Amino acid sequence: MSPSGSAQSSALRVTILGSGTSMGVPSLGCHCRVCRSSDPHDNRTRPSVLVSRAGSCVVIDTTPDFRFQALRQGLDRLDAVVFTHAHADHILGFDDIRPFNLKQKSALPIYASPETFAILRRTFAYVFAEGPAASTIPEVVPHVIDGPFELLGVEWRPIPAEHGAMEVLGYRVGGLAYLTDFSRVPPQSKPLLAGVDELVIDALRDEPHPMHQTVAQALALVLELKPRRAWFTHIAHDLPHQETNERLAREGFANVRLAYDGLSFEVSA
Ligand SMILES: [Zn+2]
Ligand SMILES: [Zn+2]
Ligand SMILES: [Zn+2]
């Protein structure tokens, strides 16, 4: 162990900006006990993570709640956006990167797979259009992901997974693996998740879903991958925070918890 704070200063800080499923929790018009819960951990915005290091900040996905999440987090700068896939709950806050363009006087690097870029270009055609814009639009430098890349001075390794019939990318960054929106991790991606310190994975609910893991499937993956800690995300209103954590502890998963908005921890770079 190094005696000074050098390891500390080079660590990555991970903050869960949103831990909810596509509709968020509470979901509109729902009066179930989780949607009515007074426990702030049961308020879940759409799924996103902030990874920061030495004052630089990268967000994974720009959800419809991105502006709110950035305000809540006091996000003062943004150095890149990395996308997992192009479902609405992961991209629809994209337009709200504009204040960072203006403040930082620069275009923002964005990283995505070719499939995700195809949908981003269609959904946000005005961002990628040629010629001058009549008003402020996001200014971006697109980086098509075709292998590992570097951000925050560390390597980001894409982890392909199956989200129903769609491909989604998770990321391994230092001691973190973030993998949301998947129903299956193909065998060739499992080595990329081996030996991870903090594993953040999709666990929608108990009832099976064609595009997301259940709690039981997520727990089976935890047993297989053996992370130091695991956090479940993309959580629906079926899972009350405290009750589910007590259940996980009772079932012997002392190192597994539901993530929640605002959860923050450090991992090695
Ligand atoms: Zn999603
Ligand atoms: Zn509900
Ligand atoms: Zn999705």
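Residues numbered from 1 in each chain as written. Chains lettered and ligands numbered in written order. Predicted model: local features only at pLDDT ≥ 70, side-chain atom pairs only at ≥ 80, totals over all residues. Heavy atoms only, no water.

Peer 1: Would you explain the coordination of the zinc ion (ligand 2) in this entry?
Peer 2: Six octahedral donors around a metal ideally subtend angles of 90 or 180 degrees, whereas four tetrahedral donors ideally subtend 109.5 degrees. Coordination of the zinc ion (ligand 2) by the protein comes from Cys 30 (SG), Cys 32 (SG), Cys 35 (SG) and His 237 (ND1), over a distance range of 2.1 to 2.3 Å. The coordination sphere of the zinc ion (ligand 2) comprises 4 donor atoms, whose angles at the metal cover 105 to 113 degrees; the geometry is tetrahedral. Given a relative accessible area of 24%, Cys 32 falls into the partly exposed group. (Donors = N, O, S within 2.8 Å, 3.2 Å for Na, K, Ca; no water. Tetrahedral: all angles 85-135°; square planar, octahedral: opposite > 155°, others 65-115°. Buried < 20%, exposed > 50% of the residue type's maximum accessible area, 1.4 Å probe, protein only.)

Peer 1: What am I meant to see in the sheet that holds strand β5 (residues 108-112) here?
Peer 2: Hydrogen bonds along the backbone pair up the strands of a sheet, which may run parallel or antiparallel. Pairing in this open sheet of 7 strands is mixed, and the strands run β6-β5-β4-β3-β2-β1-β14 from one edge to the other. Strands with a single pairing partner mark the edges of an open sheet, and in this sheet they are β6 (140-144) and β14 (264-267). Strand-to-strand twist in this sheet, taken as the mean axis angle between neighbours without regard to direction, amounts to 25 degrees. Across 4 bridges, strand β1 (residues 12-18) lies against β14 in antiparallel orientation. (Pairing = 2+ DSSP bridges. Helix = DSSP H or I, 4+ residues; strand = E, 2+ residues; numbered from the N terminus. Axes fitted to C-alpha atoms, helices over the stretch in contact; angles between N-to-C directions.)

Peer 1: For this particular structure, what's the right way to read the coordination of the zinc ion (ligand 3)?
Peer 2: At this site the zinc ion (ligand 3) is bound by His 85 (NE2), His 87 (ND1), His 163 (NE2) and Asp 181 (OD), with donor distances of 2.2 to 2.3 Å. Angles of 92 to 170 degrees at the metal separate the 4 donor atoms of the zinc ion (ligand 3), which places the site in the irregular class. Counting residues between consecutive donors of the zinc ion (ligand 3) along the chain gives the motif H-x1-H-x75-H-x17-D. Separating the zinc ion (ligand 3) from the zinc ion (ligand 1) is a distance of 3.5 Å, and Asp 181 supplies a donor atom to each of them. Separated by 94 residues along the polypeptide, His 87 in the loop between β4 (80-82) and α3 (88-91) and Asp 181 in the loop between β10 (176-179) and β11 (198-202) bring together distant segments of the chain. Taking relative accessible area as the criterion, His 87 reaches 26% and is therefore assigned partly exposed. Asp 181 gets classed as buried once you look at its relative accessible area, which sits at 1%.

Peer 1: Just to check I follow, could you spell out helix α7 (residues 215-225) for this structure?
Peer 2: Residues three or four positions apart in an α-helix share a direction because the helix packs 3.6 residues into each turn. Among the residues making up α7, those that are buried are Val 215, Ala 218, Leu 219, Leu 221, Val 222 and Leu 225. Each buried residue of α7 lies within a common arc of 160 degrees when the element is viewed along its axis, so the set occupies one face. Away from its buried face, by an angle of more than 90 degrees, α7 presents the exposed residues Ala 216 and Leu 223. Packed against the buried residues of α7 are β11, β12 (229-233), α8 (241-250) and β13 (256-258). (Arc of directions from axis to C-beta. Contact = heavy atoms within 4.5 Å.)

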